[in-house]
Amino acid sequence: MDIKPINKKLKLYGFNNLTKTLSFNFYDIAYALNQEKNQEYIQYIDEEYNADRLAKILTDVSKIIGANILNIANQDYEPQGASVTMLVAENEVFNDEPIKLTENESPGPSSEAVVGHLDKSHITVHTYPENHPDKGISTFRADIDVSTCGEISPLKALNYLITSFEPDIATIDYRVRGFTRDVNGKKYYIDHKINSIQNFMTSKTRDMYQMIDVNVYQEKIFHTKMILKEFDLDHYLFGTAKKELSPGERKKIKKRIKKEMIEIFYGKNVPQI
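A brief report on the enclosed structure follows. Given the structure is predicted, the values throughout are model-derived calculations rather than measurements.

## Considerations on the packing of aromatic side chains
Alright, step 1. Applying the stated criterion to the full structure yields 11 aromatic pairs.
Alright, step 2. Seen in terms of ring centroids, Tyr41 and Phe238 are 5.5 Å apart; in terms of plane orientation they differ by 75 degrees. Their pairing is edge-to-face. With Tyr41 in helix 1 (residues 35-48) and Phe238 in the loop between helix 5 (233-236) and helix 6 (247-266), the pair connects residues that are 197 residues apart, well separated along the chain.
Alright, step 3. We classify Tyr41 as buried; its relative accessible area is 3%.
Alright, step 4. Among the aromatic side chains, those forming a connected cluster through ring pairs are Phe24, Phe26, Tyr49, Phe140 and Phe165.
Alright, step 5. Sitting over the face of the ring of Tyr128, Arg141 holds its NZ or CZ atom 4.1 Å from the ring centroid.
Alright, step 6. The ring of Phe179 has Lys187 lying over it, and the distance from NZ or CZ to the ring centre is 5.7 Å.

Here is the structure:
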């Protein structure tokens, strides 16, 4: 199977039928001293990422990948959580026009700078705020899917999304499906270079996180998971500061938070650390 990236302009027979899907989970962890504060955190994070703000983020994503928005459906849920689904469409591609292919792996714009390039298919986000009934831990999860058909990879939106959510932990999947034909009928199963999802992040982001890749190149499946390297207790405390806690309390809370983060990162329950 030929999966080498294409290094020249390609004349396609009709539309580029490759489907490229970027899927990831972002996690934000918080700790509160009591259930009342935990509920306050849930309310805070639920409002911080309500349906209107999520729709704004996805609108920016559509600009980054050059999408034409057809429809937006957004919903806030009770008692918490929100969803946004955006349908997008690609501009027409004529048979006799060469397609400009993406040959380099590089980060897209940050959340402070939005530009444009392509379009098609759908963009969705769902949020899941929740908390532990008696351990003081709260976890906010955002699931995002960016799926396009055409020339540009949704990976160009990755840097913007990371800087928008600033996650403690993230798991990211990217896959290219299907094939497209050139004017001579030859099939192409990928139309851009990619060795790792990490190459689409800035050096600043890569320095902040510990990362693991699991890639299946022959199937065009790429997986990266990431967890913050530095641990500052004040970053995770909600409604209090670490200077207000005794050394013993700090140690106990730090253990609980680290256990939660390790379990999410590795996707399994672990004994108390």
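Following the structure, the description resumes.
## Section: unusual backbone geometry
Alright, step 1. Residue Pro79 is reached from Glu78 by a cis peptide bond, and omega for that bond is 5 degrees.
Alright, step 2. For Glu166, which is not glycine, the phi torsion reads 45 degrees and is therefore positive.
Alright, step 3. Structurally, Glu166 is set in the loop between helix 3 (158-165) and strand 8 (169-177).
Alright, step 4. With phi around 60 degrees, Lys220 is a residue other than glycine that occupies positive phi space.
Alright, step 5. Within the secondary structure, Lys220 is located in the loop between strand 11 (209-216) and strand 12 (221-228).

## A look at the side chain of Asp28
Alright, step 1. Here Asp28 is to be found in strand 2 (residues 19-31).
Alright, step 2. Arg53 provides the closest opposite charge to the buried, unpaired Asp28, separated from it by 10 Å.
Alright, step 3. A polar contact is formed between the side chain of Asp28 and the side chain of Tyr41, at a distance of 2.6 Å.
Alright, step 4. When residues no more than four places from it in sequence are discounted, the contact partners of Asp28 are Tyr41, Ile45, Ser138, Thr139, Phe140 and Asp168.

## A few points about the sheet that holds strand 12
Alright, step 1. Across the sheet, 8 strands lie side by side as 3-4-6-7-2-8-12-11; this open sheet has antiparallel pairing. Since the sheet does not close on itself, it has two edges, and those belong to strand 3 (68-76) and strand 11, each with one partner. On average, each strand axis in the sheet is tilted by 10 degrees relative to the strand beside it, whichever way the strands run.
Alright, step 2. Here strand 6 (residues 121-131) pairs with strand 7 (residues 137-149) via 10 bridges, running antiparallel. Looking across to strand 7, one finds that Glu130 is bridged to Thr139.
Alright, step 3. Each of strand 3, strand 4 (82-89), strand 6 and strand 7 is contacted by helix 2 (residues 51-64), which is oriented at about 25 degrees to strand 4, the strand it contacts most.
Alright, step 4. Along the sheet face, helix 6 touches strand 2, strand 7, strand 8, strand 11 and strand 12 and points at about 165 degrees away from the line of strand 2.

## Some remarks on the pairing of strand 11
Alright, step 1. Note: strand 11 against strand 12, 8 bridges, orientation antiparallel. When the bridges of strand 12 are listed, Val214 appears paired with His223.
Alright, step 2. What sits between the antiparallel neighbours strand 11 and strand 12 is a turn of 4 residues, in which Lys220 has the positive phi angle 60 degrees.

## Some points on the nonpolar core
Alright, step 1. Core analysis: the biggest nonpolar cluster contains 64 residues, and Phe26, Leu158, Leu161, Phe165, Ile172 and Ile257 have the highest contact counts within it.
Alright, step 2. Apart from the residues within four sequence positions on either side, Leu158 is in contact with Leu22, Phe24, Ile172, Ile197, Phe200 and Met201.

## Some thoughts on the packing of helix 2 against helix 3
Alright, step 1. Interhelical geometry of helix 2 versus helix 3 gives an angle of 155 degrees and a closest axis separation of 10 Å. Taken as axis vectors, helix 2 and helix 3 run roughly antiparallel relative to one another. The way helix 2 lies across helix 3 gives a crossing that is right-handed. Together, Arg53, Leu54, Ile57, Asp60, Val61 and Ile64 of helix 2 and Tyr160, Leu161, Ser164 and Phe165 of helix 3 make up the contact between the two elements.
Alright, step 2. The residue inventory of the contact of helix 2 with helix 3, partitioned by class, reads 7 nonpolar, 1 polar and 2 charged.

Quick notes on the rules
Residues numbered from 1 in each chain as written. Predicted model: local features only at pLDDT ≥ 70, side-chain atom pairs only at ≥ 80, totals over all residues. Heavy atoms only, no water. Phe/Tyr/Trp six-rings, centres within 6.5 Å; stacked < 30°, edge-to-face > 60°. Helix = DSSP H or I, 4+ residues; strand = E, 2+ residues; numbered from the N terminus. Buried < 20%, exposed > 50% of the residue type's maximum accessible area, 1.4 Å probe, protein only. Lys NZ or Arg CZ within 6 Å of the ring centre and 35° of its normal. Lys, Arg positive; Asp, Glu negative; His and termini not counted. Salt bridge = Lys/Arg side-chain N within 4 Å of Asp/Glu carboxyl O. Polar contact = N/O pair within 3.5 Å; in protein donor to acceptor, adjacent residues only side chain to side chain. Contact = heavy atoms within 4.5 Å. Pairing = 2+ DSSP bridges. Axes fitted to C-alpha atoms, helices over the stretch in contact; angles between N-to-C directions. Core = buried A, V, L, I, M, F, W, Y, C linked by side-chain atoms within 4.5 Å. Parallel < 35°, antiparallel > 145°, perpendicular 65-115°, else oblique. Left-handed = near helix turned anticlockwise from the far one by under 90°. Nonpolar A, V, L, I, M, F, W, Y, C, P; charged D, E, K, R; others polar.

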